[in-house]
Structures are given as C-alpha cells and as structure tokens.
Amino acid sequence: MTADSVQSLIDQLHEQAAADRPTEATPDVGIVMGSDSDLPTMAGGKGKRPGAYAALADELGFDEQTDYGDAPDARFTFETFVVSAHRTPDLMYAYAETAEDRGIDVIIAGAGGKSADLPNMTASIAYPLPVIGVPVQEKSVDSVIGMPQGAPITAVDAGKSFNAALTAAQMLSRKHPELRERLVEYHQGLQEDVGEVSRDLHELGTPGFKDAYWE
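Residues numbered from 1 in each chain as written. Predicted model: local features only at pLDDT ≥ 70, side-chain atom pairs only at ≥ 80, totals over all residues. Heavy atoms only, no water.

(A) Fine view of the sheet that holds strand 1 (residues 29-33). Spatial ordering of the open sheet is given by 2-3-1-4-5-6, a layout of six strands whose pairing is parallel. Pairing within the sheet leaves two strands with one partner each, and these edge strands are strand 2 (63-64) and strand 6 (154-155). By the bridge criterion, two bridges tie strand 2 to strand 3 (residues 77-82) in an arrangement that is parallel. Within strand 3, the residue paired with Asp 63 across the bridge is Thr 77. (Pairing = 2+ DSSP bridges. Helix = DSSP H or I, 4+ residues; strand = E, 2+ residues; numbered from the N terminus.)

Written out as structure tokens, the structure reads:
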C-alpha cells in the first residue's frame with residue numbers, strides 16, 4: 001500500500017508530465033536523493049564540501065524551481081526531491097518515468113549506504129535520459145557504478161555532487177551557448193585563483209605566504 005503523501009507526489013508528477021509546458025518553463029536538472037540525510041552531501045553544508053546546489057545556484061546562476069507551474073525568472077533551473085528506491089519504489093519509478101515528459105534534461109541521483117540503488121535504478125527507468133550518480137559515501141561507490149553492459153550511468157567520486165552538477169551543466173551547454181560561457185567563466189576563475197596563489201607563494205616565500213594566508 002502506498003502512503004497518501006507519496007501517492008499525491010506520484011499523481012502530481014504524472015499530471016505535470018501531461019501538462020506539455022514549454023521547456024523554458026520546466027526544470028532543466030532534476031536532483032533526487034534517497035533520504036534527506038543525503039542533503040548535506042547533495043547540497044552542501046553541515047561541514048560537508050560544497051554540493052550540487054552550490055555549483056548550480058552559486059556558480060552557474062541556476063534557480064531552484066519549487067513550483068512546476070510557476071517557473072523562476074532564471075533561464076536555467078533545477079528541482080530537488082527525496083526519492084527512496086527501497087522505501088518508496090513507486091515514487092522512484094514515477095519520477096524517472098515522467099522526467100523527460102516533464103522537461104528534465106538530466107538527472108543527478110545521490111544515495112548512500114552499501115545498497116545505494118537509487119542512481120542506477122533511476123538510470124534504468126529514465127533511459128535514454130542521462131543520469132549522473134553520486135555515491136554519498138565511499139561504501140556506496142560499487143553500488144552506484146555497478147551497472148551491466150547496455151545500462152549506462154555516469155558517476156562521480158564519493159560525495160562530489162558539485163562535480164555532478166558541473167557535468168550536468170556541461171551536457172546542457174551543448175545546446176545552450178550561454179551556459180557554456182558560464183562554465184568557461186567559472187573555470188577561468190579557478191585558473192586565476194591558482195595563478196594568484198602561485199605568484200604569492202613564490203614572491204612572499206613560504207614563511208611570508210603562511211603569515212598572509214594561514215590563520
């Protein structure tokens with residue numbers, strides 16, 4: 001038996017898939033995770049490294065779309081759901097099955113534990129829509145990447161949902177030059193940071209660099 005709260009989400013996804021909204025008004029990226037305990041890894045915070053939210057919202061100018069029928073002003077958007085492969089398999093199936101019709105272009109799926117099945121099951125159901133798997137923990141890696149031949153999934157290293165978001169943006173940038181420019185600008189910023197630190201280390205020397213940069 002499916003809980004009412006879960007069934008309402010399933011019904012909502014199918015209704016949205018049938019709405020035939022223009023692609024500019026639908027989320028470009030879907031982010032799903034097996035539990036809200038995965039959120040610090042998938043979004044960042046609580047002592048974790050920056051996550052997918054930081055990459056999309058802070059670095060690349062995406063907005064989070066929380067109302068399917070009322071898109072934010074930003075051209076590029078993403079949405080976020082908790083979708084458990086084991087506790088709510090019907091919801092997982094509905095999300096993956098309807099994603100393309102709802103306008104999603106790429107899914108980022110994260111899960112933890114040794115039975116981190118959400119990414120690969122989502123990839124199987126959503127195919128040929130690309131899915132990027134994020135193992136939330138080191139012990140989740142084998143489960144996320146263990147797909148048979150003919151059942152593809154892209155995956156990043158454990159905990160690195162930030163890179164998953166960059167990969168999703170790279171996929172989208174093939175048909176959106178504006179997004180490609182944002183990615184290039186972000187990468188150039190990284191290069192500038194390295195160049196400045198390298199020059200300061202050389203010119204200040206190691207003791208001077210420590211005094212200037214280390215707390």
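The rest of the description comes next.
(B) Spotlight on the layout of surface pockets. Empty space within the largest pocket amounts to approximately 160 Å³. Looking at the largest pocket, it is lined by 15 residues, and the ones nearest its centre are Gly 34, Ser 35, Asp 38, Ala 111 and Gly 112. Its residues assigned to classes, the lining of the largest pocket shows four nonpolar, eight polar and three charged. (1 Å grid on protein atoms, 1.4 Å probe; cavity = no way out; pocket = protein on both sides within 12 Å on 5 of 7 lines; lining within 4 Å. Points joined across faces, edges and corners; volume = space filled by probe spheres on them. Nonpolar A, V, L, I, M, F, W, Y, C, P; charged D, E, K, R; others polar.)

(C) Fine view of the pairing of strand 4 (residues 106-111). In terms of burial, strand 4 is largely enclosed, as six of its six residues are buried. Judged by which residues are buried, strand 4 turns out to be covered on both faces: Val 106, Ile 108 and Gly 110 on one side and Ile 107, Ala 109 and Ala 111 on the other are all buried. As paired elements, strand 4 and strand 5 (residues 131-135) share five bridges and run parallel to each other. When the bridges of strand 5 are listed, Ile 108 appears paired with Ile 132. Note that the unit made of strand 4, helix 5 (residues 118-126) and strand 5 has a crossover that is right-handed. (Buried < 20%, exposed > 50% of the residue type's maximum accessible area, 1.4 Å probe, protein only. Right-handed = clockwise from strand over helix to strand, strands pointing away.)

(D) Expanded view of the pattern of salt bridges. Overall, the coordinates contain six salt bridges when judged by the stated rule. Residues Asp 28 and Arg 75 are paired through a salt bridge, measuring 3.7 Å at the closest nitrogen-oxygen approach. Here Asp 28 is found in the loop between helix 1 (4-17) and strand 1, whereas its partner Arg 75 is found in the loop between strand 2 and strand 3, with 47 residues between them in sequence. Of the residues examined, Arg 75 reaches a relative accessible area of 26% and is grouped as partly exposed. Put simply, Arg 182 and Glu 178 hold a salt bridge, and the shortest N to O gap is 2.5 Å. Residue Arg 182 and its partner Glu 178 are located together in helix 8 (residues 177-213), separated by four residues, close to a single helical turn. (Salt bridge = Lys/Arg side-chain N within 4 Å of Asp/Glu carboxyl O.)

(E) Examining the packing of helix 1 against helix 4 (residues 89-98) more closely. Taken N-terminus to C-terminus, the directions of helix 1 and helix 4 make an angle of 10°; their axes are 9 Å apart at the nearest point. The pairing of helix 1 with helix 4 is recorded here as roughly parallel in orientation. Seen from helix 1, the contacting residues are Val 6, Leu 9, Ile 10, Leu 13, His 14 and Ala 17; seen from helix 4, they are Asp 90, Leu 91, Ala 94, Tyr 95, Glu 97 and Thr 98. Partitioned by chemical class, the residues of the contact of helix 1 with helix 4 number eight nonpolar, two polar and two charged. (Axes fitted to C-alpha atoms, helices over the stretch in contact; angles between N-to-C directions. Parallel < 35°, antiparallel > 145°, perpendicular 65-115°, else oblique. Contact = heavy atoms within 4.5 Å.)

(F) Quick peek at the pairing of strand 5. Most of strand 5 sits out of view: five of its five residues are buried. Of the two faces of strand 5, both are covered, the one formed by Val 131, Gly 133 and Pro 135 as well as the one formed by Ile 132 and Val 134. Where strand 5 lies against strand 6, two bridges are found, and the strand directions are parallel. Note on strand 6: the bridge partner recorded for Ile 132 is Thr 154.

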